[in-house]
Amino acid sequence: MAPISALRLMVATIFVVITTAFLRLLYILSISSALRPGRTTKHLNTKLSHMVVVLGSGGHTAEMMSLLRDIDPRRYAHRTYLVSSGDSFSAGKAAEIERIIQSKHVQSFSAPTKVGETHSMTGTWDLVIVPRARKIHQPLYTTLFSSLWCLIGCLRALHATSKTSRTAPYEYPDVVITNGPATAVMVILAATILKLFAVAPARKMKIIYVESWARVRTLSLSGKVLLWTGICDKFLVQWESLAKKINGTGSRRKVEWKGFLVE
C-alpha cells in the first residue's frame, strides 16, 4: 500500500477542518434564529444574567445611555461595560449609566456602587478596556492591523469575563448589546469565533445590535457588515421606513422595528 503523501494529508486535514467549522457555524446560526422575528421561545428565562455592553465614542455612548435606562439590574445582575482604549468619555459614562440604573431600584439612593462592588438589589458592574479598532482619521491601510489587534483583545476580554462572572462563575456572558461603533464588530466577531470553536456554548453571548437613531435611510457600515453576515440574534432599527426598505415585501424579516428606543 502506497504511503499517503504529505500534500494529500494536508489537503484532507484542511477539508475536515473547513467542513467541521462550516457545520458548527450552521449550528450556531440555527440556535441564533430562535430569537429572530417570527420565532417564539418555549420558556421565559428568569435567571440572573450577565450582560456585556459595548460603549462607543460620542453619540454611540449617549444613545446607549438612553437604551439602558430601563434595564432591570435585579435580572441583569452583572453588567460589563466594554470600551476602547483612550476613550475616557465612555469610561466615565459607564458610571453615569450605573447611576441612572441603580437610582431606580435603591431607596435613599446617594451614589452608585464602585467598579467590582456588589449590592444586594443592583448586583455588580465592571469596566473592561480593549484596543481601539480604528482611530479617527486613521489611514485605511493601517486599519486592518489595528482591527486585528482589537479582535485579539476582544477574544481575551470575553474569555476573561467567564472567569469573573458573578451570576454564573466560569460561564460566558448571556447577552452582548451594542449600537454600532467599529469596536462592536470586533466584539461580535470575537463572540462568534469563541462559539464557532466551541470555546463558549452556542447558547451564550446572544448578540443584540441596535442601529443608531441617526440612520434614517441606510444602515451604518457596521450595520451593513453585521446584517450581511447574519450573526446577530436580534437586529433592531429605529425607523419604520428603514425596516420596510430592508425587509422588502417578503415574509422573512431581516430586521425588527420597535419604535424609537432612545429619548
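Quantities reported herein were computed from a predicted structural model and do not represent experimental measurements.

Attention now moves to the pattern of salt bridges. Close approach of charged atoms lets side chains of opposite charge pair. The tally for this structure, following the rule as stated, stands at 11 salt bridges. With a shortest N-O distance of 2.9 Å, Arg 99 and Glu 96 are connected by a salt bridge. Remark: Glu 96 and Arg 99 occur in helix α3 (residues 88-103); sequence separation between them is three residues, near one turn of the helix. Arg 99 sits in the partly exposed class, given a relative accessible area of 35%.

Once that is clear, we can look at the packing of aromatic side chains. A full pass over the atoms with the stated rule returns five aromatic pairs. Aromatic pair Tyr 209 and Phe 235: ring centres 4.8 Å apart, planes at 45°, arrangement tilted. Taken together, the positions of Tyr 209 in strand β6 (residues 206-210) and Phe 235 in strand β7 (residues 234-237) put the pair 26 residues apart, joining distant regions of the chain. Here Tyr 209 matches Phe 235 in class, with each residue buried. Relative to Phe 260, the ring of Trp 239 lies with its centre 4.9 Å away and its plane at 75°, an arrangement referred to as edge-to-face. Residue Trp 239 is located in the loop between β7 and α7 (240-247), and its partner Phe 260 is located in the segment after β8 (256-257); the two are separated by 21 residues in the primary sequence. The exposure class assigned to Trp 239 is partly exposed, which follows from its relative accessible area of 24%. Assessed through its relative accessible area of 49%, Phe 260 is described here as partly exposed. Ring-pair connections join several aromatic residues into one group, and the members of that group are Trp 213, Trp 239 and Phe 260.

What follows deals with the nonpolar core. Met 205, Leu 226 and Phe 235 are the most contacted members of the largest nonpolar core, which has 35 residues in total. Residue assignment for this core shows that the elements contributing at least two residues are β1 (50-55), β4 (123-130), α4 (140-164), α5 (182-196), β6, β7 and α7. By residue number, the principal contributor to this core is α5, which donates eight residues. If we skip the residues at most four places from it in the chain, Leu 226 touches Val 185, Ile 188, Tyr 209, Ile 231, Cys 232 and Phe 235.

Cut-offs used in this document
Residues numbered from 1 in each chain as written. Predicted model: local features only at pLDDT ≥ 70, side-chain atom pairs only at ≥ 80, totals over all residues. Heavy atoms only, no water. Salt bridge = Lys/Arg side-chain N within 4 Å of Asp/Glu carboxyl O. Helix = DSSP H or I, 4+ residues; strand = E, 2+ residues; numbered from the N terminus. Buried < 20%, exposed > 50% of the residue type's maximum accessible area, 1.4 Å probe, protein only. Phe/Tyr/Trp six-rings, centres within 6.5 Å; stacked < 30°, edge-to-face > 60°. Core = buried A, V, L, I, M, F, W, Y, C linked by side-chain atoms within 4.5 Å. Contact = heavy atoms within 4.5 Å.

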